[in-house]
Structures are given as C-alpha cells and as structure tokens.
Amino acid sequence: MGKHFDLTDRVIIITGGGKGIGRVYAEEMASLGAKVVTADIDGESAEAVAAAIRQSGGQALGVRVDIADADSCDAMAAATLDAFGTITGLVNNAALMSTLPRRSWFEIPVEEWDKVMDVNLRGLFQCCRAVYPTMRDANYGKIVNISSSRIWDGSPNRLHYTTSKAGVFGFTRALASEVGSDNITVNAVTPGFTLSDTQIQNSDPQYLATRKFDDQLIKRAQVPDDLVGAVMFFMSGSSDFISGQTLNIDGGRTMH
Ligand SMILES: NC(=O)c1ccc[n+]([C@@H]2O[C@H](COP(=O)([O-])OP(=O)(O)OC[C@H]3O[C@@H](n4cnc5c(N)ncnc54)[C@H](O)[C@@H]3O)[C@@H](O)[C@H]2O)c1
C-alpha cells in the first residue's frame, strides 16, 4: 500500500463505534491496518463490533463510554493506552441523533435541549480533552469531528441537534488553532441524510421509500460508505497539512 493512505498501526478511537455509521468507520479502518477502539454508550454493541473485527484478523478494543461524563472519557483514553500504548486519532462520531424525536422547535423540552448539548458538544470537548495529553506528548494527532449538513441548509424539526452540530463547526476551527503547534490536526465533516442502520430504524418507511434526489447533484441515497473515505483521509498522514477545515459530504446538495 502507498504511504499516503496507510493506517497501519495508527490507534484510532471511534466514539459511537458500536452502531450506525461509527461501526462502518471502525470496520473499514481496521481492515486497513488501524488498531481501532470502538467506544459506545452501548457497551455490548461496542464489544460485538470489536470482537467481529478481531475474528476477521484485525485489532480492536470495545469500550463502554458515556461521553457526557468526563471521567468516563478519561477511562476510555486510559483503556486505549493500556491496550495499544498510544492514541493517534479520535473520530468524534457519538451523538444524540437517530433517537431524537423529530418535532417543532417549540415542542422541544428544555431538558432534552440540555441533554443534546451535554452529549453532542460537551461530550466532544471531553473526548478531545481525554486524548490531548497523549497527542501533545507524541507531537502528533488527528481529530475529526462529525457535524451535519443540516448546519448549511437549516433543516427543521431537530433545532437542538442542528444547533449542536453548528457548534461542532466553530469548535473545530478554534480547537485546530489551539493545537496546531502540537502538530495535531482537527477537521470536521458535514454528512447529509445517511442511511445508517440506526437512521433507517428511526425514520418513517414511507418517507424513505418515496424520497426524491432532485436537489442533489449525485441522485441517489447517501450511505455510510460515502463518508468512510473522507474520515480515513483525515486520520491518515495525507491530511497532515490540513487543519480547521470542514468538508461537506452530501452528494453536492449544498456547496460549501
Ligand atoms: N445518519 C445521518 O443521516 C447523519 C447525518 C449527519 C450527521 N450524522 C452524524 O453522524 C454520526 C453517526 O450517526 P448515526 O447515523 O450512526 O447515528 P446514531 O444515532 O446511531 O449514532 C450515535 C451513536 O452514538 C452512540 N451514543 C449516543 N450517546 C452516546 C454517549 N453519551 N456516549 C457514547 N456514545 C453515545 C450511540 O449508541 C450510537 O452508536 C452522529 O454524530 C450523527 O449526528 C448522521
């Protein structure tokens, strides 16, 4: 394999790696030689994904984490160091998304608003804080934050979620500025509506069956595989001179 996209022996934590798109990131990066840590609030799913990767010859560790809890994030980083000795990359993919009801902004309970911010924003901050000392000491690190294309088009019905993902955009730029001198890159991606297994379970089947793609340049549904290449790029040495950027991946629906 050419050196540019080689992930061999890179130790990469994927939060939310037990299900949905996170599972696909973990499987694909492990197949390219990364040592992956699937970290999820659903510890059984995290372990099941890691076990399947090990069974097919890859290296993986499953960890239960609640990213809204700072101690739990620190324990995730410690377990990674115990198992693999370093932390090269962090994919901040865990979020409250598919399980959130779709409803008008005026019907969102304040408690639900707070919970979304706790997980989607404070959780992101706490995960970065947990891995930073290791990356700083190594004078190298790769962080990718998963935002959403909703921040460009202002889609309705999950105002707290969209707001949190817009926060991820600013967080990415500002953190990138602070850790650039440690040789750590911080980038983000904004996926469009993606048919992850969890998204399918939580969407109206009628809506899924009758969707049109007239507003996209590439006229088909977006699937998890469409995101993998970009995330792997941001985890690889090929992106070592790219930081603070946000890459939109939505079949060309929005140009950014
Ligand atoms: N599927 C889409 O259409 C879409 C579009 C844009 C962005 N995204 C983003 O991509 C990412 C993955 O999306 P998905 O479709 O797989 O959705 P998902 O809802 O299945 O992903 C969330 C994952 O995070 C885990 N999680 C939730 N709360 C957690 C916590 N407190 N601590 C640790 N783990 C926790 C869940 O168990 C799950 O595995 C999310 O950040 C989502 O916002 C998804």
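Residues numbered from 1 in each chain as written. Predicted model: local features only at pLDDT ≥ 70, side-chain atom pairs only at ≥ 80, totals over all residues. Heavy atoms only, no water.

Peer 1: Which parts of the structure should I look at to understand the site of the ligand?
Peer 2: Within the structure, the ligand sits among 27 residues, and Asp 40, Ser 98, Tyr 161, Ser 196 and Thr 198 are positioned closest to it. Separating an oxygen atom of the ligand from a backbone N or O atom of Ile 21 is a distance of 2.8 Å. One of the side-chain N or O atoms of Tyr 161 is found 2.6 Å from an oxygen atom in the ligand. Here the ligand, which alone exposes 810 Å², has 95% of that area covered by the protein. For the shell around the ligand, the secondary-structure elements that each account for two or more residues are α1 (20-31), α6 (159-179) and α7 (197-201). Its residues placed into classes, the shell around the ligand shows 12 nonpolar, 11 polar and 4 charged. (Near = heavy atom within 4 Å. Polar contact = N/O pair within 3.5 Å; in protein donor to acceptor, adjacent residues only side chain to side chain. Areas by Shrake-Rupley, 256 points an atom, 1.4 Å probe, with all protein chains shown as cover. Helix = DSSP H or I, 4+ residues; strand = E, 2+ residues; numbered from the N terminus. Nonpolar A, V, L, I, M, F, W, Y, C, P; charged D, E, K, R; others polar.)

Peer 1: Got a minute to help me understand the nonpolar core in this structure?
Peer 2: Formed by 29 residues in total, the largest nonpolar core has its most connected members in Ile 13, Met 76, Leu 90, Met 135, Ile 143, Leu 175 and Val 186. Listed by contribution, the elements that provide at least two residues to this core are β1 (11-15), β2 (35-40), α3 (70-84), α4 (110-138), α6 and β6 (184-191). With 7 residues, the single largest contributor to this core is α4. Other than its neighbours up to four places away in sequence, Leu 175 contacts Cys 128, Ile 143 and Val 186. Formed by 27 residues, the second largest nonpolar core is a distinct cluster that contains Tyr 25, Val 91, Leu 227 and Met 235. (Core = buried A, V, L, I, M, F, W, Y, C linked by side-chain atoms within 4.5 Å. Buried < 20%, exposed > 50% of the residue type's maximum accessible area, 1.4 Å probe, protein only. Contact = heavy atoms within 4.5 Å.)

Peer 1: Which parts of the structure should I look at to understand the sheet that holds strand β4 (residues 89-92)?
Peer 2: Strands pair in a sheet through their backbones, by hydrogen bonds, and they do so in one of two ways: parallel or antiparallel. Strand order in the open sheet made by the 7 strands is β3-β2-β1-β4-β5-β6-β7, with parallel pairing throughout. On the outer flanks of this sheet lie β3 (59-64) and β7 (246-249), each paired with one strand and no other. Adjacent strand axes in the sheet meet at a mean angle of 15 degrees when their direction is disregarded. For β2 and β3, the ladder comprises 6 bridges, and the chain directions are parallel. Paired with Asp 40 across the strands is Arg 64, a residue of β3. Packing against the sheet, α4 makes contact with β1, β4, β5 (141-146) and β6, and its axis sits at approximately 175 degrees to β4. The sheet contacts of α6 involve β5, β6 and β7, and relative to β6 the element is tilted by about 165 degrees. (Pairing = 2+ DSSP bridges. Axes fitted to C-alpha atoms, helices over the stretch in contact; angles between N-to-C directions.)

Peer 1: Would you mind showing me how to read the side chain of Lys 35 here?
Peer 2: Along the polypeptide, Lys 35 turns up in strand β2. Residues within four places of Lys 35 in sequence aside, it is in contact with Asp 9, Arg 10, Val 11, Ile 12, Gln 59 and Phe 84.

Peer 1: How do you make sense of the packing of aromatic side chains when you look at a structure like this?
Peer 2: Given two aromatic rings, one states the distance between the centres and the angle between the planes to describe the pair. According to the stated counting rule, one finds 5 aromatic pairs in the structure shown. For the pair Phe 5 and Phe 233, a centre-to-centre distance of 6.3 Å together with 40 degrees between the ring planes defines the contact as tilted. One end of the pair, Phe 5, is in the segment before β1; the other, Phe 233, is in helix α9 (residues 225-235), and 228 residues separate them in sequence. Classification of Phe 5 as partly exposed rests on a relative accessible area of 47%. Note on Phe 233: relative accessible area 22%, which makes it partly exposed. (Phe/Tyr/Trp six-rings, centres within 6.5 Å; stacked < 30°, edge-to-face > 60°.)

Peer 1: Help me understand a nonpolar patch on the surface, please; the structure alone is not making it clear to me.
Peer 2: Among the surface-exposed residues, Trp 105, Phe 106 and Leu 159 lie close enough to one another that they form a single nonpolar patch of about 400 Å² accessible area. Relative to the helices and strands, Trp 105 is located in the loop between β4 and α4. (Patch = residues over 30% accessible without salt bridge, like charges linked within 9 Å, V, L, I, M, F, W, Y side chains within 5 Å. Salt bridge = Lys/Arg side-chain N within 4 Å of Asp/Glu carboxyl O.)

Peer 1: Honestly, the pairing of β1 in this entry has me stumped. Any pointers?
Peer 2: Of all 5 residues in β1, 5 are buried; the element is thus mostly enclosed. Burial of β1 is two-sided: the residues Val 11, Ile 13 and Thr 15 facing one way and the residues Ile 12 and Ile 14 facing the other way are all buried. Tracing the backbone out of β1, into α1 and back to the parallel element β2 gives a crossover that is right-handed. In this structure, β1 lies alongside β4, joined through 3 bridges in parallel fashion. Among the inter-strand pairings, Ile 13 is bridged to a residue of β4, identified as Leu 90. (Right-handed = clockwise from strand over helix to strand, strands pointing away.)

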